[in-house]
Amino acid sequence: MARSEDKAAAHNEALADTRVDSFLVREGRAIRPDLHRARFGAGYPALDDAPQHGEWFPRVTVGGVVWRPAPRLRTETTLWVPPTPDPRIHPLTKGPDLALLGTLRAEAQSHGADDALLYGEEGVVHEAANAALIFFDEEGPAMGPANWVLESTTLRATVEAGLMPKPRRAEIRLAEALELQAWCASALHGWTRVTRWIVEGKMVQAAANTADPENTKTGRINARLWESAVDVTAR
């Protein structure tokens, strides 16, 4: 029994060491950095050396912070539907599966998309490889099963600011997903509409986005979130 407990403890420690965080920092400020620290847990490094000018996309690990210039931001998202289901082993922790997700995003980009869709063995949609994914139907916003969806700091900040109702959990299958309006939420890009899907090599226009026909609503939500951004060094 003791040996099994030692192995479990060693596994948990190794898993903790692979945690990663990243988010957009603009002019030394960020949206709800407290949520990032809380999701990451113990060992979150200080961000005292944050650049005070420009846009940055830091890579945060237990070993420290690497300050990277932010890539070009987008306002719309095209999602590629890969032929195989979600490969993640630790979907509720950001970091351990990052290499797998990076490979998926690279494949998505090779098909002309921005990111890849993650779904289960039975076709139930989980989320995007590098973003939360929210669908809109007649009952309101919905998202994938809790045991397969990483906690989204962007979504939580939006709900807590009163800018969106909390999405319900739902088992949305691939065929249904392609017929629904969808938004992605990313700590880098903010909220973006899903405007296209790439399925079996073919580009499919997303459902008519009456929830945000001209990107005005996602843009307003992003602007409101940035209005309340705080000094990233604040604890």
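The rules behind each value
- Residues numbered from 1 in each chain as written.
- Predicted model: local features only at pLDDT ≥ 70, side-chain atom pairs only at ≥ 80, totals over all residues.
- Heavy atoms only, no water.
- pLDDT = per-residue confidence, 0-100.
- Contact = heavy atoms within 4.5 Å.
- Helix = DSSP H or I, 4+ residues; strand = E, 2+ residues; numbered from the N terminus.
- Buried < 20%, exposed > 50% of the residue type's maximum accessible area, 1.4 Å probe, protein only.
- Polar contact = N/O pair within 3.5 Å; in protein donor to acceptor, adjacent residues only side chain to side chain.
- Phe/Tyr/Trp six-rings, centres within 6.5 Å; stacked < 30°, edge-to-face > 60°.
- Lys NZ or Arg CZ within 6 Å of the ring centre and 35° of its normal.
- Arc of directions from axis to C-beta.

We now examine the confidence of the model for the protein. Model confidence for the protein is summarised by a mean pLDDT of 92, while 90% of its residues fall at 70 or above. Here residues 4–11 is a poorly scored stretch, pLDDT under 50, and it has one contact once near neighbours within four places are set aside; other chains count.

A positive phi is found at Glu27, a non-glycine position, where the angle reads about 50°. One can find Glu27 in the loop between β1 (25–26) and β2 (29–30). The residue Arg32 is not glycine, and still its phi comes out positive at about 45°. On the basis of relative accessibility, which here comes to 26%, the residue Arg32 falls in the partly exposed class.

A few words now on the side chain of Ser186. Looking at the element boundaries, Ser186 is found in strand β12 (residues 181–186). Overall, Ser186 belongs to the buried group, its relative accessible area being 11%. A polar side-chain atom of Ser186 sits 3.0 Å from the main-chain amide nitrogen of Leu188. When residues no more than four places from it in sequence are discounted, the contact partners of Ser186 are Asn130, Ala131 and Thr154.

Once that is clear, we can look at the packing of aromatic side chains. Counted according to the given criterion, the structure contains three aromatic pairs. Judged by centre distance (5.1 Å) and plane angle (85°), the ring pair of Phe40 and Tyr44 falls under edge-to-face. Accessibility assignment for this pair places Phe40 and Tyr44 in one class, buried. Considering the side-chain rings of Trp183 and Trp191, the 5.8 Å spacing of their centres and the 70° angle between planes classify their relative orientation as edge-to-face. Pair check on accessibility: Trp183 and Trp191 agree, each one buried. Joined through ring pairs, the aromatic side chains of Phe136, Trp183 and Trp191 make up one cluster. The ring of Trp226 carries the charged tip of Arg26 above its face, separated from the ring centre by 4.5 Å.

Next up on the list: the environment of Leu150. Among the structural elements, Leu150 can be located in the loop between β10 (140–143) and α4 (153–160). On the basis of relative accessibility, which here comes to 18%, the residue Leu150 falls in the buried class. Separated by 48 residues in sequence, Leu150 and Ile198 place their C-alpha atoms 23 Å apart.

The subject of this paragraph is helix α2 (residues 33–40). Among the residues of α2, those classed as buried are Pro33, Leu35, His36 and Phe40. Angularly, the buried residues of α2 cover 155° about the axis, an arc narrow enough to put them on a single face. The positive-phi residue at the C-terminal boundary of α2 is Gly41, with phi of around 90°.

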